[in-house]
Amino acid sequence: MKLVLHNYWRSSASHRVRIALGLKRLDYEYVSVNLVHRDQHAEVYRARNPLAQVPTLEITEDDGVRRTIAQSLPILEYLEERWPAVPLLPEDLYLRARTRMLAEIVNSGIQPLQNLSTTNKVNELGGDTAVWVNGFIAGGLAAFARTAAETAGAFCVGDAPTIADCCLVPQLASARRFGVDTA
């Protein structure tokens, strides 16, 4: 089997998947899709991901069958189900749901409001990107912290890294990038 991750170095969604691949010790080929140069809009990439976003995981099975999965959370779930030996979801059903809830706070509550297509539109409309993203990131991270407080151990949910941690780490990097106070 061969894994190919089509991604962009600064994409927090791509970063989530790279963290999970590393935690699960899975080998993969890194293929850069430069969002600034609009590589995601090339027809060859749109054939893999019609939404023209990153990341996209391309899986080539040993029998030659090639499949693709787009969007970071479905990719993380696929990796978890395919290679459960290094779990990224707790066994307990409640804690699994809390892990997914934390991941969604980042995935749908913060990240889309700071991604390149959104900030480009804010700039196009004459807005200040830093002002735009600051409140969303600060408020989202505060909600994440309050939510994680119930389940946190050494990591967001217990004492082993989970999908929630895979989402949080890149979000903290984005917070630093946009100058958001995370103290």
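Up top is the structure.
Chemist: How do you make sense of the layout of surface pockets when you look at a structure like this?
Modeler: Any empty space left between the atoms is revealed when a probe the size of a water molecule rolls over them. Taken as a whole, the largest pocket spans an internal volume of roughly 610 Å³. Lining the largest pocket are 30 residues, with Leu35, Gln111, Asn115, Leu116 and Ser117 sitting closest to its centre. Of all the secondary-structure elements, those providing two or more residues to the lining of the largest pocket are α1 (12–23), α5 (116–124) and α7 (163–177). Sorting elements by how many residues they give to the lining of the largest pocket places α5 first, with 4 residues. Within the lining of the largest pocket, the residues separate by chemical class into 11 nonpolar, 15 polar and 4 charged.

Chemist: When you look at the pairing of strand β2 (residues 29–32) in this model, what are you seeing that I'm missing?
Modeler: Residues in a regular strand project their side chains so that they alternate between the two faces of the sheet. Pairing of strand β1 (residues 2–7) with β2 involves 4 bridges; the strand directions are parallel. Residue pairing in the sheet places valine 4 in a bridge with glutamate 29 of β2. Taking the sense of rotation as the criterion, the β-α-β connection linking β1, α1 and β2 turns out right-handed.

Chemist: Looking at this structure, how should I read unusual backbone geometry?
Modeler: Most peptide bonds are trans, and most residues other than glycine sit at a negative phi. Along the chain, valine 54 connects to proline 55 via a cis peptide bond; the corresponding omega equals 5 degrees. One non-glycine residue, arginine 25, lies in the positive phi region at around 55 degrees. Looking at where arginine 25 falls in the secondary structure, it is placed in the loop between α1 and β2. Under the relative-accessibility criterion, arginine 25 is labelled exposed at 67%.

Chemist: I tried to follow the packing of α1 against α7 on my own but got confused; where do I start?
Modeler: When two helices pack together, their arrangement is given by the angle between the helix axes and by the axis-to-axis distance. In contact at an axis separation of 8 Å, α1 and α7 are set at 135 degrees when each is read in the N-to-C sense. With respect to their mutual orientation, α1 and α7 come out oblique. Our pair here, α1 against α7, has a crossing hand that is right-handed. Listed contacts from α7 to Ser12, His15, Arg16, Ile19, Ala20 and Leu23 of α1 are Cys166, Cys167, Val169, Pro170 and Ser174. Tallied by class, the residues present in the contact of α1 with α7 amount to 7 nonpolar, 3 polar and 1 charged.

Chemist: Which parts of the structure should I look at to understand the environment of tyrosine 30?
Modeler: Within the secondary structure, tyrosine 30 is located in strand β2. Overall, the relative accessible area of 39% leaves tyrosine 30 in the partly exposed class. Excluding residues that lie within four positions of it along the chain, tyrosine 30 makes contacts with Leu5, Asn7, Tyr8, Trp9 and Arg18. A polar side-chain atom of tyrosine 30 sits 3.5 Å from the main-chain amide nitrogen of tryptophan 9.

Chemist: I keep staring at the nonpolar core and nothing clicks. Help me out?
Modeler: The tendency in soluble globular proteins is for nonpolar side chains to be buried as a group. Of all hydrophobic cores here, the largest spans 36 residues; its most connected members are Leu57, Leu79, Leu102, Ile137, Phe144 and Ile163. Elements with a minimum of two residues in this core: β1, α1, β3 (56–60), α3 (72–82), α4 (93–109), α6 (129–148) and α7. The dominant element in this core, judged by the number of residues it contributes, is α7, at 6 residues. For isoleucine 163, the contacting residues outside a window of four places in its chain are Leu73, Leu76, Leu88, Leu89, Thr99 and Ala103. In terms of nonpolar packing, the next biggest core, distinct from the first, is built from 5 residues, Tyr8, Leu35, Tyr45 and Val54 among them.

Chemist: Looking at this model, I keep getting lost on the side chain of asparagine 115. Mind explaining?
Modeler: By the element assignment, asparagine 115 lies in the loop between α4 and α5. Residue asparagine 115 is classed as buried on the basis of its relative accessible area of 19%. Separated by 3.0 Å, the side chains of asparagine 115 and serine 117 make a polar contact.

Chemist: What is the right way to look at the sheet that holds β1 in this model?
Modeler: Either a parallel or an antiparallel arrangement is found when strands of a sheet pair, and the pairing is made through backbone hydrogen bonds. In space, the 4 strands of this open sheet follow the order β2-β1-β3-β4, with mixed pairing throughout. Edge positions in the sheet fall to β2 and β4 (66–70), since each has one partner strand and no second. Here the strands of the sheet are splayed against their neighbours by 20 degrees on average, with no regard to which way each runs. Sitting on the sheet, α1 is in contact with β1 and β2, with an inclination near 155 degrees to β1.

What counts, and at which threshold
Residues numbered from 1 in each chain as written. Predicted model: local features only at pLDDT ≥ 70, side-chain atom pairs only at ≥ 80, totals over all residues. Heavy atoms only, no water. 1 Å grid on protein atoms, 1.4 Å probe; cavity = no way out; pocket = protein on both sides within 12 Å on 5 of 7 lines; lining within 4 Å. Points joined across faces, edges and corners; volume = space filled by probe spheres on them. Helix = DSSP H or I, 4+ residues; strand = E, 2+ residues; numbered from the N terminus. Nonpolar A, V, L, I, M, F, W, Y, C, P; charged D, E, K, R; others polar. Pairing = 2+ DSSP bridges. Right-handed = clockwise from strand over helix to strand, strands pointing away. Buried < 20%, exposed > 50% of the residue type's maximum accessible area, 1.4 Å probe, protein only. Axes fitted to C-alpha atoms, helices over the stretch in contact; angles between N-to-C directions. Parallel < 35°, antiparallel > 145°, perpendicular 65-115°, else oblique. Left-handed = near helix turned anticlockwise from the far one by under 90°. Contact = heavy atoms within 4.5 Å. Polar contact = N/O pair within 3.5 Å; in protein donor to acceptor, adjacent residues only side chain to side chain. Core = buried A, V, L, I, M, F, W, Y, C linked by side-chain atoms within 4.5 Å.

In short, shape yes, function no, at least from these values alone.
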